[in-house]
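These are the residues of each chain, in order.
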Amino acid sequence: MKIFDLQCGEGHRFEGWFASSEDFAAQRARGLLGCPSCGDQEVDRIPSATRFNTGVPAPVAAPKPPEQGTADPFAVAQKLYSRMLDEILTRSEDVGSAFPAEARRIHYHEAPARMIRGQATQEEHEALVEEGIPVARLPVPPAKRLN
């Protein structure tokens, strides 16, 4: 599996997973690639950092704890949550109330795998979880919602 850094004609950056470089080129030539943010089909590979698979997980740098009395833990948590939401909203497709049905289609390989978001009732959410479909409920402030 090859992971390429991609960019659309509008400047949105995202990742694509392909079986090979030839697979990427074939999908691009057939117009099967599109930006997850805007749908633009003008997708190009961009330079990415070199990665070596040594079989050993890369060390993850722990965030530095704030100095005593310098940062409010709630403010830090709010900022981190806001950054996470920005990433999710930018990299996912809003499928609205069709979320439960689309999540099932993706899980059962009836639709292309991609990150989606939308609305589900508590009952729909519980049914997805019972089916083994990985979903998460995240509160999104109204100011953050993308349409």
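Residue positions are given per chain, counting from 1 as you read along its sequence in written order. Totals for whole chains, interfaces and linings use all residues, but because this is a predicted model, local features are given only for residues with pLDDT of at least 70 and pairs of side-chain atoms are given and counted only at 80 or more. Note that water and hydrogens are dropped before the side-chain values are worked out from all heavy atoms of the structure.

1. Focus on the pattern of salt bridges
Where side chains of opposite charge bring their charged atoms close, a pairing between them can arise. In the sections that follow, a salt bridge refers to a side-chain nitrogen of Lys or Arg positioned within 4 Å of a carboxyl oxygen of Asp or Glu. Summed over all chains, the structure comprises seven salt bridges. Residue R28 pairs with D44 through a salt bridge whose shortest N-O separation is 2.5 Å. Here R28 is found in helix α1 (residues 21–29), whereas its partner D44 is found in strand β3 (residues 43–45), with 16 residues between them in sequence. Between E87 and R91 there is a salt bridge, with its nearest N and O atoms 2.6 Å apart. Residue E87 and its partner R91 are located together in helix α2 (residues 73–91), separated by four residues, close to a single helical turn. Residue E87 is classed as partly exposed on the basis of its relative accessible area, which comes to 43%. When a residue's accessible area, from a 1.4 Å probe over protein chains only, is under 20% of the maximum for its type it is buried; when over 50% it is exposed; and in between it is partly exposed. For R91, a relative accessible area of 41% gives the class partly exposed. Numbering of helices and strands starts at the N terminus; helices are DSSP runs of H or I of at least 4 residues and strands are runs of E of at least 2.

2. Here's the deal with the pairing of strand β1 (residues 2–8)
Two strands qualify as a pair provided that DSSP identifies no fewer than 2 bridges between them. Relative to strand β2 (residues 13–18), β1 runs antiparallel, the two being bridged by six bridges. Opposite D5, over in β2, you have E15 as the bridge partner. If you look at the hairpin formed by β1 and β2, you'll find four residues sitting between the two strands, and G11 has a positive phi there, around 95 degrees. Where β1 meets β3, three bridges bridge the pair, whose relative direction is antiparallel. Residue pairing for β3: Q7 is matched across the bridge by D44.

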